[in-house]
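Notes for the structure review
Now for the letters of each chain:
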Amino acid sequence: MRFCQPCRELVQRHRKAARWVAFFIGLSIFFTLLGLVSDPVNGVGFCKIYP
């Protein structure tokens, strides 16, 4: 996959921040997919967070 030149330069200047952003994007995608396939949590001490 090719990035535009300004994007590539930004990532090269801020490598550590780009890694953190990629990590949190991956984490959010993981939990989104987990929420789609799992049953709703409905127990004592838990709030029903999705139908």
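Note that the structure is a prediction, hence the values are computed from the model and not measured.

Further remarks concern the overall build of the protein. A tally of regular secondary structure across the protein gives two helices and zero strands. Looking at the protein residue by residue over its 51 residues, the buried ones come to 0%. Total accessible area computed for the protein in this model is approximately 5,100 Å², and 69% of it derives from carbon and sulfur atoms.

Glancing now at the packing of aromatic side chains. Two aromatic rings are characterised by how far apart their centres lie and by the angle between their planes. Scanning the model with the defined rule gives four aromatic pairs in all. An angle of 25° between the planes, with centres 5.7 Å apart, marks the rings of Trp 20 and Phe 24 as stacked. Here Phe 24 and Trp 20 lie together in helix H2 (residues 15-37), a separation of four residues that amounts to about one turn. For Trp 20, a relative accessible area of 47% puts it in the partly exposed group. A ring pair is formed by Phe 30 and Phe 31, whose centres lie 5.1 Å apart and whose planes are at 65°; its orientation type is edge-to-face. What makes Phe 30 partly exposed here is its relative accessible area of 48%. Ring pairing ties together the aromatic residues Trp 20, Phe 23 and Phe 24, which thus form one cluster.

Next up on the list: the UniProt feature "transmembrane region" (unreviewed entry) in the protein. When the UniProt feature table is mapped onto this chain, "transmembrane region" (unreviewed entry) is found at residues 20-38. The span residues 20-38 is 95% helical and 0% strand by assignment, and the distance between its end C-alpha atoms comes to 27 Å.

Calculation notes
- Residues numbered from 1 in each chain as written.
- Predicted model: local features only at pLDDT ≥ 70, side-chain atom pairs only at ≥ 80, totals over all residues.
- Heavy atoms only, no water.
- Helix = DSSP H or I, 4+ residues; strand = E, 2+ residues; numbered from the N terminus.
- Buried < 20%, exposed > 50% of the residue type's maximum accessible area, 1.4 Å probe, protein only.
- Areas by Shrake-Rupley, 256 points an atom, 1.4 Å probe, with all protein chains shown as cover.
- Phe/Tyr/Trp six-rings, centres within 6.5 Å; stacked < 30°, edge-to-face > 60°.
- UniProt positions renumbered as here; feature names shortened; annotations may be inferred.

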